[in-house]
Structures are given as structure tokens and as C-alpha cells.
Amino acid sequence: MSSAKDLTQGNPGSVLIRFTLPLFLSVFFQQLYSIADSAIAGKYVGEDALAAIGASYPITMLFMAVAIGSQIGCSVVLARLYGSKAYQRVHSCVSTAILSGFAISFLLSVGGVLASKWLMTLVETPENIFADGSLYLKIYTAGFVFVHLYNVITGLFSSLGDSKTPLYLLIFSSLGNIVLDLVFVLGLRQGVAGCAWATLIAQAAACVLSLIVLRKRMRVIPKNGAAAWFTWRDFRDIAVISIPSILQQSFISVGNLFVQRFVNAFGSSVIAGYSAAIKLNTFVLTCFTNMSSGMSSFTGQNLGAGEPERVRKGFRAGVLMAWGTAIVFTAAYLLAGRWLLQLFMDADSSQLALKTGMNFLRIVSPFYAVICIKIVADGILRGSGSMGCFMTATLADLVLRVLLAWILRNFYGATGIWLAWPLSWTIGTILSYCFYRSNVWCKHLKMEE
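Attention in this report is confined to the structure presented alongside it. (Residues numbered from 1 in each chain as written. Predicted model: local features only at pLDDT ≥ 70, side-chain atom pairs only at ≥ 80, totals over all residues. Heavy atoms only, no water.)

### Quick look at the overall build of the chain
The following threshold applies: A run of DSSP states H or I qualifies as a helix once it reaches four residues; a run of E qualifies as a strand once it reaches two. Both are numbered from the N-terminal end. Relative accessibility decides the category of a residue: with a 1.4 Å probe and only protein chains considered, values under 20% of the type maximum give buried, values over 50% give exposed, and everything between is partly exposed. The contact criterion used is simple: two residues touch if any of their non-hydrogen atoms lie within 4.5 Å. All accessible areas in this document rest on Shrake-Rupley with a 1.4 Å probe, and a residue is counted as covered only by the protein chains that are shown. Positive charges are assigned to Lys and Arg, negative charges to Asp and Glu, while His and the chain termini are left out of the count. To locate a charge, take atom NZ for lysine, CZ for arginine, CG for aspartate or CD for glutamate.
Along the backbone of the chain there are 14 helices and zero strands. Order of helices (α) and strands (β) in the chain, N terminus to C terminus: α-α-α-α-α-α-α-α-α-α-α-α-α-α. Projecting the C-alpha coordinates of the chain onto the three principal axes gives extents of approximately 65 × 45 × 35 Å. Counting the 449 residues in the chain, one finds 62% classified as buried. Across the chain, contacts joining residues at least 24 apart in sequence account for 84% of those joining residues at least 6 apart. Roughly 17400 Å² of accessible area belongs to the chain as shown, and the carbon and sulfur atoms make up 67% of that amount. Both charge centroids of the chain, one from 33 positive and one from 19 negative side chains, sit 8 Å from each other.

Pasting the structure below:
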């Protein structure tokens, strides 16, 4: 029996909560393997290893921008087709997404391996962590084809209303990654490279498994005869959403590269503290982003079915869920932030690293209740195909963050960089909410068969 779920029926709030809860739980496992790399490296290899992975992190996120943007494009288009019950195109859209995703990610993998040292030089990585950082990046990008396809496929599952399969796949991938981290780092003494190999192998296994499950899942969705393996119409529709999403995600990653460059100027101890804190921060933002992805699928299906009022009710339910999440994480980081940061650090880590991480969390975490509103609203803009509004609000947030970090560091040092987050988040949230209230997203309704 298919696990695809119709999100156009039932109480919008209840449907959205049931759909997004597995997505929310999947965040824990999605971030677990990323945190495991840094925690195991910091604990068992040393502060420089934590800093090396942290220095390469914004570059890996540049590659992830392509994966996430592609995932968004595929899931939005497929959700609207599924909501419109255009099942023949559902089949061709899925195969088109996988074939085009493989071609794009293969080219990026080759380019990433060849350019890894140049990219680490670009962010002015300190000499004492350069070799480990560039090696981690080279191994990561070598396996990017698996990361990209895996993200696209989990997005396809979510667009069909199936949020449980991505959760199961993430549990498998994350636990496998942690076991492999311990084997490569503690058993084989491979250091930073071992963390990278563990991630690559776990992602490859999850990617293959997800392909097998998706093929079985598609067999129960009706179709009239054989569906095309690739169509330019499906590719065009996916590209219309994916390209702006990739650009938006890429701009964020490029902005993070600039911020990382600012941070690198303060030395490896500050880099290590920032690396630990940004992992905790990313954990929360990914929770909100997964809620936003659920909102995009919910929006896509309901607009495909011509039900915009359900989207409005879903927004209110989504914000309430996000606020509840924000309160929990803000309290955890303010009250137990020091202990959480120490998970990434060994006994020899400097007090400056710990102080840096705590300073970041104290400044940024109280504003989770603000940024979550933006991210939920962005899910509706994205799910409706209102990419111009979506990019405008996000780029305003990004440009302001980089500009303010550049200015404020001259007055307040590293603390000035952290202050840029809440200031840019507030302005970006105002823009996203205004675009949502303008009802621009209501203009994008049913797709053609």
C-alpha cells in the first residue's frame, strides 16, 4: 500500500502537525551525523580538527545549496501535480528529477575535488588547519552525488505526503555515520579524513536504499501506459523553482563564506568556538526549515487542489509549532549551552573557544522566535512558486548579515559578527511576513495535466 498522503483533506492544523512531526524528528537524525563529525573530531582528535571541519563547513554548505535548491524545485512541482491528481506527470516528473539530478551532481563532484584547496584558500583558512580542512572538503565533494540524489529523493517522498520514509532513511544514515565515525577515528586513527569517509559511506548507502524504496513506492501510483523517463516540460517546471532556490541557497552559502572569513581572522580558538556554536544554531534552523519544507508540500498540494484557505490555516498552525520549538531551544542554549558546547571540545580546548561559543548562543538564540516566522512564511512562498518574493526577503537577510558583520567587527570584534544575526533576521522576517500577507502566493493555482 502506498504511503503517499493527500494533504488536501482533513483539519489543516491537524494534517500539518501529523505530516511535519516526522520531518521535525528527522532533523535530529539529519543533524546528528553532522554534529557527530565535529564532536568526535573535537573530542578525540583535538581543537584544530574541530576548527578544520568548521572552516570547511560553509564551503560544504555551498554544495548543499544546490542539493537543497534542487530538492525544493522537485518537491514543489511534484506536490502540485499530485494535488491536481496529474498522475501520469507525477511519474515522468520523478524520473526527470533523478536523471537531471545525477548529471548535475556528478559535474559538481568532479569540480569540488579539483577546487578543494583553492576554496579553502579563498576563505583564508589558517595554515595550522589548512591541510585537514582541504582533505575533509575533497572527500566530502567526492561523494556529493550521493548527497544530492538523497536530498532530491527525500524531497520527492515529502511532496507525495510521505514524511515517514525520509525519517526512517535519516535514522539509518545517521546511526550508520556515527558507527563509521567511531570506526575510522578511534579504530583506524584516520582523524579528520575518517570523519569525511564515514559521512560519504553513510550517505551513499542511504542514497541507494532511498532509490530502491522510491521505485517500489511509484508502482502503486496509477498511470496510463508507460511514462516518459525524461521530459523537457517537467525539467522546465522543476528548473523554474530550483534555479531561484539554488541561487538563494548559494547566496546564503557565499554570505557564510564571507562571515567565515571574518571569523578566521580571529584565530583557531575563535574558529573552534564558532564552529561548535554554529552547529547548534544550524540544528535549530534546520528544525524550522524542515517545518518549512512540510509547509511547501502542504501549500503545493492545496493550491493544486484550489484550496488557498487551507494554506492560511496551515500558516497559523505552523507558526504555533515553530514558536513552541523556539522556546525549547532558546531555553536549552541559555541554560545548558556551556555543557552542549563541551560536547565538541576535549580537555585541552581553550577557554576562549568555549567563551566564543557561549557568546554566540546568548546573542542569537533569543531571536529564534523571530526567524521561525520568516521560515514558515517562506515555505508558503516557495510552495506556491512565488520565488521573486522568497528571494527578495532572503537576500535582504543575507546581505544585511554580511554587511553588518563586516561593519560591527571593527567596533566589537568577534561579538560584532554575532550581532549581525538578530538584526538581519528581524528585517528579513518583516519582509517575508508582508509578502505572505499580500496574498501574492494565491495567484499560483492548478498545474496543467
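### As for the environment of A115
Tracing the sequence through the fold places A115 in helix α3 (residues 87-122). A residue is classified by how much of its surface remains accessible, and A115, at 22% relative accessible area, is partly exposed.

### Description of a nonpolar patch on the surface
Put simply, the rule reads: Patch rule: a residue counts if its relative accessible area is over 30% and it has no salt bridge; like charges are joined within 9 Å, and nonpolar side chains (Val, Leu, Ile, Met, Phe, Trp, Tyr) within 5 Å. By definition here, a salt bridge exists when the distance from a side-chain nitrogen of Lys or Arg to a carboxyl oxygen of Asp or Glu is within 4 Å.
Judged by side-chain polarity, F102, F106, L107, V110 and L114 come together as a nonpolar surface patch covering roughly 550 Å² of accessible area. Within the secondary structure layout, V110 lies in helix α3.

### Quick notes on the environment of S250
Within the secondary structure, S250 sits in helix α8 (residues 232-264). For the pair S250 and F360, spaced 110 residues apart in the sequence, the C-alpha separation amounts to 23 Å. Ignoring anything within four residues of it in the chain, the contact list for S250 reads L62 and A65.

### Topic: empty space enclosed by the protein
To keep things clear, this is the line we draw: Throughout, the protein atoms alone are placed on a 1 Å grid, and a set of points is a cavity if a 1.4 Å probe fits but cannot get out or a pocket if it is open with protein on both sides within 12 Å along at least five of seven lines; lining residues have an atom within 4 Å of a point. Grid points are joined across faces, edges and corners, and a volume is the space filled by probe spheres set on the points.
Under the counting rule described, the total for this entry stands at two cavities of 30 Å³ or more. Looking at the second largest cavity, its volume works out to about 50 Å³. Lining the second largest cavity we find Y136, I139, Y140, G143, V147, A196, T199, L200 and Q203. Within the residue set of the lining of the second largest cavity, elements represented by two or more residues are α4 (127-142) and α7 (191-218). The element contributing the most residues to the lining of the second largest cavity is α7, with four residues.

### A look at the state of the cysteines
This is how it is decided: A pair of sulfur atoms, both from cysteines and within 2.5 Å, is called a disulfide here.
On inspection of all chains with the given rule, the structure shows zero disulfides. In this structure C74 is a free cysteine whose sulfur lies 6.5 Å from that of C93, the closest cysteine sulfur available. Overall, the relative accessible area of 0% leaves C93 in the buried class.

### Details of the pattern of salt bridges
A complete count under the given rule lists six salt bridges for this structure. In this structure, E309 and R312 form a salt bridge, with 3.0 Å as the shortest nitrogen-oxygen distance. Of this pair, E309 and R312 both sit in helix α10 (residues 308-342), three residues apart, which is roughly one turn of that helix. Take R312: its relative accessible area is 21%, and that puts it in the partly exposed class. A salt bridge links K374 to D378; the nearest nitrogen and oxygen atoms lie 3.1 Å apart. With K374 and D378 both in helix α12 (residues 368-384) and four residues apart, this pair spans about one turn of that helix. Across the pair, exposure class does not vary: K374 and D378 are buried alike.

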